[in-house]
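Structural description and commentary
Chain by chain, the residues:
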Amino acid sequence: MESLELVVAVAAAVLGTGWIARRTGLSEPLLLLTAGCLMGLMPPFEAVTLSPEMVLLLFLPALLYWEALTSSVREIRHNLRTIALQSTVLVLATALAVAAVAHAFGYPWPLALVLGAVLAPTDAAAVAAVARAMPRRILTVLRTESLLNDGTALVLLAVAIEIVAEDAPFSWAGTSVRFIESYAGGIAIGVVVALLLRWVRRRLGDPLLHSVLSVATPFFAFLPAELLHVSGVLAVVTCGLVSSRYGPRVISPDARVQATAFWEVASHLLNSALFVLVGMQLPAAVRALTSTDLLQAVALALAVSAAVVGTRFLWFYSVPYVVRLVDRRPVQKARRIGAAQRLPLAWAGMRGAISLAAALTIPVVTAEGRPVEHRDAIVFTTVVVIVVTLAVLGPTLPAVVRRARSDADDEQIAESVLAQRHLSATALSALPALARRYGVDEDTIARLERDISDRVQGGEAATLRRRRAHQLEAALLQVKRQALTELRDAGHIDDIVLRGVQDVLDAEDVRLSLKMARMPVVTGARIAEAAPPRSV
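Rules used throughout
Residues numbered from 1 in each chain as written. Predicted model: local features only at pLDDT ≥ 70, side-chain atom pairs only at ≥ 80, totals over all residues. Heavy atoms only, no water. Helix = DSSP H or I, 4+ residues; strand = E, 2+ residues; numbered from the N terminus. Buried < 20%, exposed > 50% of the residue type's maximum accessible area, 1.4 Å probe, protein only. Contact = heavy atoms within 4.5 Å. Areas by Shrake-Rupley, 256 points an atom, 1.4 Å probe, with all protein chains shown as cover. Phe/Tyr/Trp six-rings, centres within 6.5 Å; stacked < 30°, edge-to-face > 60°. 1 Å grid on protein atoms, 1.4 Å probe; cavity = no way out; pocket = protein on both sides within 12 Å on 5 of 7 lines; lining within 4 Å. Points joined across faces, edges and corners; volume = space filled by probe spheres on them. Nonpolar A, V, L, I, M, F, W, Y, C, P; charged D, E, K, R; others polar. Axes fitted to C-alpha atoms, helices over the stretch in contact; angles between N-to-C directions. Left-handed = near helix turned anticlockwise from the far one by under 90°. Patch = residues over 30% accessible without salt bridge, like charges linked within 9 Å, V, L, I, M, F, W, Y side chains within 5 Å. Salt bridge = Lys/Arg side-chain N within 4 Å of Asp/Glu carboxyl O. Polar contact = N/O pair within 3.5 Å; in protein donor to acceptor, adjacent residues only side chain to side chain. Lys, Arg positive; Asp, Glu negative; His and termini not counted. Charge placed at Lys NZ, Arg CZ, Asp CG, Glu CD. Core = buried A, V, L, I, M, F, W, Y, C linked by side-chain atoms within 4.5 Å. Parallel < 35°, antiparallel > 145°, perpendicular 65-115°, else oblique. Expected span 1.5 Å × (residues − 1). Bend = angle between axes of the 7 residues up to and from the residue. pLDDT = per-residue confidence, 0-100.

Counting its regular elements, the protein contains 22 helices and 0 strands. Expressed as a percentage of its 536 residues, the buried residues of the protein come to 47%. Looking at the protein alone, contacts between residues at least 24 apart form 81% of all its contacts between residues at least 6 apart. Approximately 26400 Å² of the protein is accessible, and the part contributed by carbon and sulfur atoms is 66%.

Structural data, given as C-alpha cells:
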C-alpha cells in the first residue's frame with residue numbers, strides 16, 4: 001500500500017509541477033525537486049529511499065537508450081575528439097578536484113576519491129530536461145557527453161570503493177586495463193545486440209511487437225554487459241546509436257509512430273519521477289547525518305559544488321585553446337567556435353540521480369566489518385550538489401543559450417529545407433510512372449503535381465499557401481469529429497465504430513500537425529551546401 005501511495009504521490013507531483021511550469025515559465029526540474037523535498041518532510045514518505053538498483057538497472061538503461069536513439073550520429077563523428085575528452089579526461093579532472101576539496105576538509109584520499117567519482121559525471125536526464133533550446137551541435141555534444149561519462153565515472157567509483165571497502169592497493173596499470181576492458185567490452189556488446197535485433201526486427205510484422213522490442217532493447221544491451229562486468233552504459237548507448245542508423249530501413253511507419261509516442265511519454269515520466277525522488281532524499285540525508293555537524297557538512301557541500309562548476313568552466317576556457325595550439329589544420333580552424341558559444345557547454349554541468357545512486361552504492365561496512373566513515377556525509381554532499389547545480393545552473397541555462405546563440409540553427413533549417421525539396425523533386429519525377437501503375441485519373445495527378453511543385457519551388461508565398469491549406473484540412477477534421485460524436489450520441493453508430501473512424505481522423509490530424517510544425521520559415525530561401533560544423 002505504501003508503494004502505491006508513493007506512485008500516486010509522485011504522479012500527482014509530476015502533473016502538478018508540469019502544469020505550473022507551463023503556466024508560469026518556472027524551471028520544471030526545480031519545481032519537481034521542491035515538490036520532492038516537501039514530500040520527504042511528510043510522515044508517509046520520510047522513510048522512502050531511492051534504491052540505487054532502481055536507478056542503475058531500471059531508469060538508467062531506458063533513459064540512455066532514448067537519448068542515444070534521438071542523437072545525431074553525424075554530429076558525434078564531427079565532434080568525437082571533444083566528446084571523448086569531456087567524457088573521460090574531464091571526468092577524471094573533476095573527480096580529482098572534488099577529491100582535493102574533500103581531502104582539505106579532512107577526508108582520507110581513498111574516501112575523497114569516492115566522492116569525486118560520484119560527482120564527476122553530468123546527468124543525462126538533467127541535461128535533457130533543460131538543454132532543449134540549444135543549437136544542434138552543442139546539444140549533441142552535451143547529450144553524448146552525459147551519456148558516456150557515466151561509464152567512466154562508474155569504473156572509477158568501482159576502483160575507489162574497492163580501495164575503501166577492501167583495503168585494496170591502487171594501481172594505475174590495473175585501473176587503465178579496467179577502463180579499456182569496460183569501454184571496449186561495452187561498445188562491442190552494444191554493436192552485437194543492435195545487429196542481432198536488426199535481424200529480429202526484419203521478421204517482425206506487428207507494430208505492437210516492434211514497440212515491445214523497442215522497450216526491451218536497452219535491457220537486452222545492458223544485462224549482458226553487466227554480467228560480463230563491462231560498461232552497461234556504453235552498451236546501451238552504442239546499441240541506441242547503431243539502431244538509429246538502421247531503424248528507418250527496418251521499422252514500419254506505424255510501428256515507429258507507436259514506439260516514439262511511448263518513449264516520449266515514458267522518458268518524460270521517468271525523468272520527472274527521478275527529480276521528485278532526488279528531492280525526497282534531501283530531508284532524509286539531513287536526518288541521517290551523524291558523522292559531522294550540519295554546518296560543516298553544508299560548508300563541504302558548497303565547496304564541492306564550487307569545485308564541480310569551477311572545474312568545468314576552467315576546462316572549457318583552457319583545454320580548447322591548448323588543442324588549437326596542437327591542431328592547427330585548416331579544417332579544424334573552420335570548425336571552431338568562440339568563447340561566447342562555449343559558455344552553454346560550461347554552464348550545463350548539472351548533476352542528477354545517477355550521482356545519488358552511485359553514492360548510495362557505497363557499502364556501509366568494509367570487508368573487515370568496520371563502518372565506512374563519512375558515508376552519510378558523502379550522501380548528504382551529493383544531494384546538496386545535485387540541488388545546487390539544478391537550482392542555479394538549470395533555470396539560468398536558457399538565458400545563457402539565448403545570449404550565446406550561434407548560426408548552427410540556420411544550418412539545421414537549411415538542411416531541413418534541402419531535404420524537403422529533394423524529396424519533393426524525387427516524388428515529382430516518379431509521379432507519372434506511379435500514376436500509370438495505379439490507374440490514377442488526370443485531375444488527381446494534376447492536384448498532386450501542383451502540391452508537390454509548391455514544395456520544390458519553396459519561398460514564403462508557397463509556404464503560406466500550404467500552411468493555409470493545412471489549416472483548412474485541420475478545421476474540416478474537427479467538423480468531421482463533431483459529426484462523428486453526434487452520430488454516436490444519436491445511437492446511429494456504436495462506440496466501437498466511433499473509435500475506428502476516430503483513429504483514422506486522429507492519424508490524419510497528427511500528419512497535418514507534423515507537416516505544419518516542420519514547415520520551414522525562411523526568407524528568400526536559397527539552399528546552399530551546409531557549412532562545415534564547428535568543433536568546440
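We now examine the packing of aromatic side chains. What the rule picks out here adds up to 4 aromatic pairs. Ring geometry for phenylalanine 262 and tryptophan 263: centres 5.5 Å apart, planes at 70°, overall edge-to-face. Exposure remark for phenylalanine 262: the relative accessible area of 39% places this residue in the partly exposed category. Measuring from centroid to centroid gives 5.8 Å for phenylalanine 313 and tryptophan 347, while their planes differ by 70°, and the two rings are edge-to-face. Note that phenylalanine 313 is positioned in helix H13 (residues 294-316) and tryptophan 347 in helix H16 (residues 339-347), a separation of 34 residues in sequence.

This brings us to the layout of surface pockets. The calculated volume of the second largest pocket comes to roughly 860 Å³. Along the wall of the second largest pocket there are 26 residues; nearest its centre are Leu154, Val155, Ala158, Arg178 and Glu226. Counted by class, the lining of the second largest pocket contains 14 nonpolar, 6 polar and 6 charged residues.

For the rest of this paragraph, the subject is the packing of helix H3 (residues 52-69) against helix H11 (residues 232-250). It is the contact of H3 with H11, at a shortest axis distance of 8 Å, that shows an interaxial angle of 35°. Handedness of the crossing formed by H3 with H11: right-handed. In contact with Leu60, Pro61, Leu64, Tyr65, Ala68 and Leu69 of H3, H11 contributes Val233, Val236, Val237, Cys239, Gly240, Leu241, Ser243 and Ser244. Classifying every residue of the contact of H3 with H11 gives 11 nonpolar, 3 polar and no charged.

This next bit is on the environment of valine 215. You can see valine 215 is positioned in helix H10 (residues 207-227). A C-alpha to C-alpha distance of 7.7 Å links valine 215 and alanine 62, two positions 153 residues apart in sequence. In this structure, valine 215 is in contact with Phe262 and Trp263, ignoring residues within four places of it in sequence.

Next up on the list: a nonpolar patch on the surface. Where nonpolar side chains cluster on the molecular surface, the patch consists of Val286, Leu294, Val298 and Leu302 and spans about 300 Å² of accessible area. With 3 residues, H13 is the largest single contributor of residues to the nonpolar patch. Within the secondary structure, leucine 294 sits in helix H13.

The subject of this paragraph is the side chain of threonine 311. Positionally, threonine 311 belongs in helix H13. One polar contact links the side chain of threonine 311 to the main-chain carbonyl oxygen of alanine 307, over a distance of 2.6 Å. Filtering out sequence-adjacent residues up to four positions away, threonine 311 remains in contact with Leu90, Ala93, Thr94 and Ala97.

What follows deals with the pattern of salt bridges. The tally for this structure, following the rule as stated, stands at 8 salt bridges. Across the salt bridge formed by arginine 312 and glutamate 145, the nearest N and O atoms sit 2.9 Å from each other. Taken together, the residues arginine 312 in helix H13 and glutamate 145 in helix H8 (residues 136-166) connect sequence positions 167 residues apart. Judged on exposure class, the residue arginine 312 and its partner glutamate 145 are both buried. Residues aspartate 489 and arginine 488 are paired through a salt bridge, measuring 2.9 Å at the closest nitrogen-oxygen approach. Exposure remark for aspartate 489: the relative accessible area of 56% places this residue in the exposed category. A relative accessible area of 29% means that arginine 488 is categorised as partly exposed. When salt bridges that share partners are traced, they join Arg481, Asp506 and Asp509 into one network.

Its identity as a non-glycine residue notwithstanding, histidine 229 has a phi of 60°, on the positive side. Unusually for a residue other than glycine, histidine 374 sits at a positive phi of about 65°. With respect to the element layout, histidine 374 can be found in the loop between helix H17 (353-360) and helix H18 (375-403).

As a further point, take a positive patch on the surface. Judged by side-chain charge, Arg77, Arg198, Arg202, Arg203, Arg245 and Arg249 come together as a positively charged surface patch. One can find arginine 202 in the loop between helix H9 (172-201) and H10. Judged by its relative accessible area of 52%, arginine 202 is exposed.

Further remarks concern the nonpolar core. Looking at soluble globular proteins, one finds that nonpolar side chains tend to be buried together. Core analysis: the biggest nonpolar cluster contains 125 residues, and Val114 and Val304 have the highest contact counts within it. Per-element tally for this core: the top contributor is H8, with 13 residues. The residues contacting valine 114, other than those within four sequence positions of it, are Leu157, Ala160, Ile161, Val164, Ile362 and Ile378. Counting 6 residues, the second-largest nonpolar core is a separate cluster that includes Leu477, Ile493, Leu498 and Leu505.

Before going further, it helps to examine the environment of threonine 34. Its place among the elements puts threonine 34 in helix H2 (residues 28-40). Separated by 357 residues in the primary sequence, threonine 34 and alanine 391 have C-alpha atoms spaced 9.8 Å apart. Of note is the side chain of threonine 34, whose polar atom sits 2.9 Å from the backbone oxygen of leucine 30.

One can describe the packing of H8 onto H16 by two numbers: an axis separation of 10 Å at closest approach and a directional angle of 30°. Of the possible angle classes, the one that applies to H8 and H16 is roughly parallel. Where H8 crosses over H16, the two elements pack in a sense that is right-handed. Between H8 and H16, the residues in contact are Ile138, Val141 and Leu142 and Gln341, Pro344 and Leu345, respectively. Of the residues contributing to the contact of H8 with H16, the split by class is 5 nonpolar, 1 polar and no charged.

Structurally, the α-helix is built with 3.6 residues per turn, so residues lying three or four positions apart point the same way. Its 29 residues give H18 an end-to-end C-alpha distance of 41 Å, which sits within 8% of 42 Å, the value for a rise of 1.5 Å per residue. Where H18 bends most, at leucine 397, the angle is about 45°, and the proline proline 398 comes one to four residues later.

What follows concerns the confidence of the model for the protein. Per-residue confidence for the protein averages 83 on the pLDDT scale, and 89% of its residues sit at or above 70. The secondary structure element of the protein with the lowest average pLDDT is helix H15 (residues 330-334), at 67, and the one with the highest is H13, at 95.

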